[in-house]
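# Structural characterization, general
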Amino acid sequence: MSEHLTVVYDAAEVVVGPNESESANGALETREDAAIAAIDGDVVTVGDSDAVTREYPRENADTAVDAGGQTVIPGFVDPHTHAVFAGDRSDEFAAKLRGKTYQEILAAGGGILRTVEAVRDASTEELAANLEAQLDLMLSHGTTTAEVKTGYGLDVDTERRLLDAIERAGTNHPVDVVGTFMGAHAVPDGQDTEDYVNEVVYEQLPVAANHPAAEFCDVFCEEGVFSVEQSRRVLEAGREHGLKPKIHAEEFTRLGGAQLAADLEAVSADHLLHADEDDAEALAEAGVVPVLLPGTAFSLGEDYADPEQFRAAGDDRSRSPVALATDLNPNCYSQSMGFAVALACNGMRMAPGDALVGATRDAALALDRDDGTGTLREGTAADVAVVDGPSHVHIPYNFGVNCVDTVLKDGVVVADDGRVVGRE
Ligand code: NIG
Ligand code: FE
């Protein structure tokens, strides 16, 4: 079988990833007037455009992309989404603007619980189709790897159907889909919390852990939802079943989820709006990747997390990873990692390069992938987004538009001009 050659040439800038040399202090490594070549989906070289196209002439390429004047970045990695759901909660959005809080809406049977009703009423085919539509949008906004959580089923059968939908939608989709079981997302209406934790541990988890779509286990550790002790039970049981722990921690209150994540050496701790310096230190020392979700703070009208607090923690001062994600869900309805980067810069004062690393390499670390996902170097997958503008700074600088022009997955064009291509 002949090889598939991919050449993306004449880019004003190619973003390689974080500079790994000690003295660079985590700064972004970029090449100007550059190109990349890939064979059978793997990058073989990144460098000066003329040199690359001399070695790999674009006339010989099966896929040739002219990135003239534009910027080439690793495809975005979105490490925290609740992208498989049904129904619409735009009326709650309006209620929140009138002053209702997220917790008030949830306590009154709305929020997550309303989405649960819609999901239970939907067929698995509908759920898979809904997720596919979300993945299409994510892909056309440059996301090539995405995590997707269950958690709108809250019973054995519906949680399993959500995993089926994740498997079905992910199998043939260009986006690499990483599944997380989150039966402990909310307590079903009328059920006692302890009883429900027992159901998650003894009934849901054994089924979820046997499902090919589940890699992680997550829990909403929050006042009025699951306590630290209940969260510990769920995550420890998940780990016994082979699911790696993640946690929603310190989103509305500082309950202790970050310290729990450190104690369990979870893969990531997410949200962290109310985490303090001690929490940041504990996470960094335990190697837990903090995942910040600026879209959530933005849509809730809350203060943003402080990325510096996490970046500066641990032995690796100033180099600890800080990942970004969309948190795509019916309460925070955005599919765009470019927008998350814009919020991280404009709202959280992150440097554009740091935010981009947060949305690519550090996001991959939050999914336990340290194989080069989220970077473009020899040997990594040719998952690429070509973004408008002469440098990566244009991603947050030109906010509110889809900055992504062309997307390649494994060296093949899968989206162009904001549209998914090559699919029925
Ligand atoms: O990450 N905090 C809990 N879960 C989601 C919200 C889910 C929903 O409201 O439907 C979050 O923000
Ligand atoms: Fe979430």
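These notes cover the structure that comes with them. Values in this document were obtained by computation on a predicted structure and should not be read as measured data.

What counts, and where the lines are drawn
- Residues numbered from 1 in each chain as written.
- Chains lettered and ligands numbered in written order.
- Predicted model: local features only at pLDDT ≥ 70, side-chain atom pairs only at ≥ 80, totals over all residues.
- Heavy atoms only, no water.
- Helix = DSSP H or I, 4+ residues; strand = E, 2+ residues; numbered from the N terminus.
- Rg over C-alpha atoms; globule rule 2.2 N^0.38 Å.
- Buried < 20%, exposed > 50% of the residue type's maximum accessible area, 1.4 Å probe, protein only.
- Contact = heavy atoms within 4.5 Å.
- Areas by Shrake-Rupley, 256 points an atom, 1.4 Å probe, with all protein chains shown as cover.
- Lys, Arg positive; Asp, Glu negative; His and termini not counted.
- Charge placed at Lys NZ, Arg CZ, Asp CG, Glu CD.
- Patch = residues over 30% accessible without salt bridge, like charges linked within 9 Å, V, L, I, M, F, W, Y side chains within 5 Å.
- Salt bridge = Lys/Arg side-chain N within 4 Å of Asp/Glu carboxyl O.
- 1 Å grid on protein atoms, 1.4 Å probe; cavity = no way out; pocket = protein on both sides within 12 Å on 5 of 7 lines; lining within 4 Å.
- Points joined across faces, edges and corners; volume = space filled by probe spheres on them.
- Nonpolar A, V, L, I, M, F, W, Y, C, P; charged D, E, K, R; others polar.
- Pairing = 2+ DSSP bridges.
- Axes fitted to C-alpha atoms, helices over the stretch in contact; angles between N-to-C directions.
- Near = heavy atom within 4 Å.
- Polar contact = N/O pair within 3.5 Å; in protein donor to acceptor, adjacent residues only side chain to side chain.
- Sits in = over half its atoms within 2 Å of the grid points.
- Donors = N, O, S within 2.8 Å, 3.2 Å for Na, K, Ca; no water.
- Core = buried A, V, L, I, M, F, W, Y, C linked by side-chain atoms within 4.5 Å.
- Domains from an automatic or database assignment.
- Disulfide = S-S within 2.5 Å.

Let's shift gears to the overall build of the chain. Each helix and strand in the chain was counted, giving 16 helices and 17 strands. Relative to the compact-globule value of 22 Å for 424 residues, the chain shows a C-alpha radius of gyration of 21 Å, a close match. The burial tally for the chain puts 59% of its 424 residues in the buried class. When contacts within the chain are restricted to residue pairs at least 6 apart in sequence, long-range pairs at least 24 apart make up 71% of them. Here the chain has roughly 16400 Å² of accessible surface; of this, 44% comes from carbon and sulfur atoms. The distance from the centre of the 29 positive side-chain charges to the centre of the 78 negative ones in the chain is 2 Å.

A grouping of Asp10, Glu32, Asp33, Asp48, Asp50 and Asp66 is seen on the molecular surface, where their side chains present a negatively charged patch. If you trace the backbone, Asp48 turns up in strand S3 (residues 42-48). Residue classification places Asp48 among the partly exposed residues on the basis of a relative accessible area of 43%.

Across all of its chains, the model carries four cavities of 30 Å³ or more by this definition. Its boundaries defined by the atoms lining it, the largest cavity holds a volume of some 110 Å³. In terms of lining residues, the largest cavity is bounded by 14 residues, among which His82, Tyr102, His185, Asp327 and Asn329 are the most central. Partitioning the lining of the largest cavity into residue classes produces four nonpolar, seven polar and three charged. In this structure, the second largest cavity encloses a volume near 70 Å³. Considering the residues around the second largest cavity, the lining is formed by Pro74, Gly75, Thr144, Thr145, Gly372, Thr373, Gly374, Thr375, Leu376, Thr380, Ala381 and Asp383. A breakdown of the residues in the lining of the second largest cavity according to their chemical character gives three nonpolar, eight polar and one charged.

Taken together, eight strands build an open sheet; the order of strands is S6-S7-S8-S9-S10-S11-S12-S13 and the sheet is parallel. Two strands close off the open sheet at either side, each with one partner strand: strand S6 (76-78) and strand S13 (323-324). Across the sheet, helix H5 (residues 124-140) touches S6, strand S7 (143-149) and strand S8 (176-184), and the angle it forms with S7 is around 145 degrees. Seen against the sheet, helix H6 (residues 156-171) touches S7, S8 and strand S9 (214-219) and runs at an angle of roughly 175 degrees to S8.

Let us now look at the site of ligand 1. Close to ligand 1 lie 15 residues; Tyr102, Tyr152, His185, Glu251 and His271 are nearest. A distance of 2.7 Å separates an oxygen atom of ligand 1 from a polar atom in the side chain of Tyr102. His248 is positioned such that a nitrogen or oxygen atom in its side chain is 3.1 Å from an oxygen atom of ligand 1. Contact with the protein chains hides 100% of the accessible area of ligand 1, taken as 330 Å² for the molecule alone. Of all the cavities here, the one that holds ligand 1 is the largest cavity. Here the shell around ligand 1 is composed, by residue class, of five nonpolar, seven polar and three charged.

This part takes up the coordination of the iron ion (ligand 2). Within the first shell, the iron ion (ligand 2) binds the protein through His80 (NE2), His82 (NE2), His248 (NE2) and Asp327 (OD), at distances of 2.0 to 2.6 Å. Sequence spacing among the residues donating to the iron ion (ligand 2) works out to H-x1-H-x165-H-x78-D. Take His80: its relative accessible area is 0%, and that puts it in the buried class.

Bringing the nonpolar core into the picture now. Of all hydrophobic cores here, the largest spans 95 residues; its most connected members are Phe76, Ile247 and Leu272. In this structure, this core is formed jointly by two domains, domain 1 (5-74 + 374-420) and domain 2 (76-365), each of which donates at least three residues. Ala34, Val43, Ala67 and Val384 belong to the second-largest nonpolar core, a separate cluster that totals 17 residues.

So, about the state of the cysteines. Two cysteines joined by a covalent bond between their sulfur atoms form a disulfide. Counted under the stated rule, the structure contains zero disulfides. Residue Cys221 stays outside any disulfide, its sulfur separated by 13 Å from that of Cys217, the closest cysteine. As a non-bridged cysteine, Cys403 has Cys345 as the owner of its nearest cysteine sulfur, 11 Å distant. Judged by its relative accessible area of 6%, Cys403 is buried.

Next up on the list: the side chain of Asp279. With respect to the secondary-structure elements, Asp279 resides in helix H10 (residues 277-286). Asp279 sits in the buried class, given a relative accessible area of 0%. Within the local environment of Asp279, its side chain forms a polar contact with the side chain of Arg254, the two groups lying 2.8 Å apart. Non-local contacts of Asp279, meaning those with residues more than four positions away in its chain, are made with Glu250, Arg254, Ala258 and Gln259.

Worth remembering: the numbers are spatial, not functional.
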